[in-house]
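Coordinate analysis (summary)
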Amino acid sequence: MNKGKQITGAAREELAREMKKEYEKGLSIRAIAEAHGRSYGFVHRVLTEADVPLRSRGGDRPHRRLEEAGRPRR
């Protein structure tokens, strides 16, 4: 797909399926955007339109508790 070219109809649905698979495999929105030559906003919008549940910021990385990091809780 050419960058900036409007994608509609069946082509957009197919692209959404492909992006959904990549996102569910763990790729970030930024990585998908780069791979497809599209913007972050475009990929985010396509995934949202496809009812894909988006991960919170920072992905699914395990978060250490503050005490484990040697910092006291406030």
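These notes cover the structure that comes with them. (Residues numbered from 1 in each chain as written. Predicted model: local features only at pLDDT ≥ 70, side-chain atom pairs only at ≥ 80, totals over all residues. Heavy atoms only, no water.)

1. Regarding the packing of aromatic side chains
Keep this limit in mind: The pairing test for Phe, Tyr and Trp rings, Trp by its six-membered ring, is centres within 6.5 Å, and the orientation test on the planes gives stacked under 30 degrees, edge-to-face over 60, and tilted for anything in between. Geometrically, a charge over a ring is one whose NZ (Lys) or CZ (Arg) sits within 6 Å of the ring centre while staying within 35 degrees of the ring normal.
Taken as a whole and judged by the stated rule, the model has 0 aromatic pairs. The ring of Phe42 is capped by Arg38, whose NZ or CZ atom sits 4.2 Å from the centre of that ring.

2. Quick look at the layout of surface pockets
How we decide: Space inside and on the surface of the protein is sampled on a 1 Å grid over the protein atoms alone, with a cavity defined as a set of points where a 1.4 Å probe fits but cannot get out and a pocket as an open set with protein on both sides within 12 Å along at least 5 of 7 lines; lining residues have an atom within 4 Å of a point. Grid points are joined across faces, edges and corners, and a volume is the space filled by probe spheres set on the points. To qualify as a helix, a DSSP run of H or I must reach at least 4 residues; to qualify as a strand, a run of E must reach at least 2; elements of each kind are numbered from the N terminus. Under the scheme applied here, ten amino acids are nonpolar (Ala, Val, Leu, Ile, Met, Phe, Trp, Tyr, Cys and Pro), four are charged (Asp, Glu, Lys and Arg), and all others, including Gly, are polar.
The volume enclosed by the largest pocket comes to roughly 340 Å³. Forming the walls of the largest pocket are 13 residues, and the residues nearest its centre are Ser28, Tyr40, Ser56, Arg57 and Gly58. Elements represented by at least two residues in the lining of the largest pocket include exactly α2 (29–36) and α3 (40–49). Tallied by class, residues from the lining of the largest pocket come to 4 nonpolar, 6 polar and 3 charged.

3. As for the nonpolar core
Using the following cut-off: Side-chain atoms within 4.5 Å link the members of a nonpolar core, which is a set of buried Ala, Val, Leu, Ile, Met, Phe, Trp, Tyr and Cys residues. Think of it in three bands: with a 1.4 Å probe and only protein chains considered, a residue is buried below 20% of the maximum accessible area for its type, exposed above 50%, and partly exposed in between. Residue contacts follow a heavy-atom distance rule, with two residues in contact if any of their heavy atoms lie within 4.5 Å.
Core analysis: the largest hydrophobic core is formed by 13 residues, its most contacted members being Met19, Tyr23, Phe42, Val43 and Leu47. Of all the secondary structure elements, the ones that give two or more residues to this core are α1 (9–24), α2 and α3. In contact with Phe42, not counting residues within four places along its chain, are Ile7, Arg12, Leu15 and Met19.

4. Focus: the packing of α2 against α3
Just so we agree on the cut-off: Interaxial angle, 0 to 180 degrees, is taken between N-to-C directions of lines fitted to C-alpha atoms, where a helix line uses only the stretch in contact. In this scheme, roughly parallel covers angles under 35 degrees and roughly antiparallel covers those over 145, while 65 to 115 is roughly perpendicular and the rest are oblique. In this scheme the crossing of two helices becomes right-handed for a clockwise turn of the near helix relative to the far one and left-handed for an anticlockwise turn of less than a right angle.
At their nearest, the axes of α2 and α3 sit 8 Å apart, and the two run at 110 degrees to each other. What the angle tells us is that α2 and α3 run roughly perpendicular. Of the two elements, α2 crosses α3, and the hand of that crossing is right-handed. For the pair α2 and α3, the contacting residues are Ile29, Arg30, Ile32 and Ala33 in the first and Tyr40, Val43, His44 and Leu47 in the second. Per-class residue counts for the contact of α2 with α3 are 6 nonpolar, 1 polar and 1 charged.

5. Thoughts on α2
Filter applied, for reference: Arc definition: directions from the helix axis to the C-beta atoms.
Every buried residue of α2 is accounted for by Ile29, Ile32, Ala33 and His36. Viewed end-on, α2 has its buried residues packed into an arc of 100 degrees, placing them on one side of the element. Projecting away from the buried face of α2 at angles above 90 degrees are the exposed residues Arg30, Glu34 and Ala35. Against the buried residues of α2 lie α1 and α3. One or two residues past the end of α2 sits Gly37, with phi positive at roughly 70 degrees.

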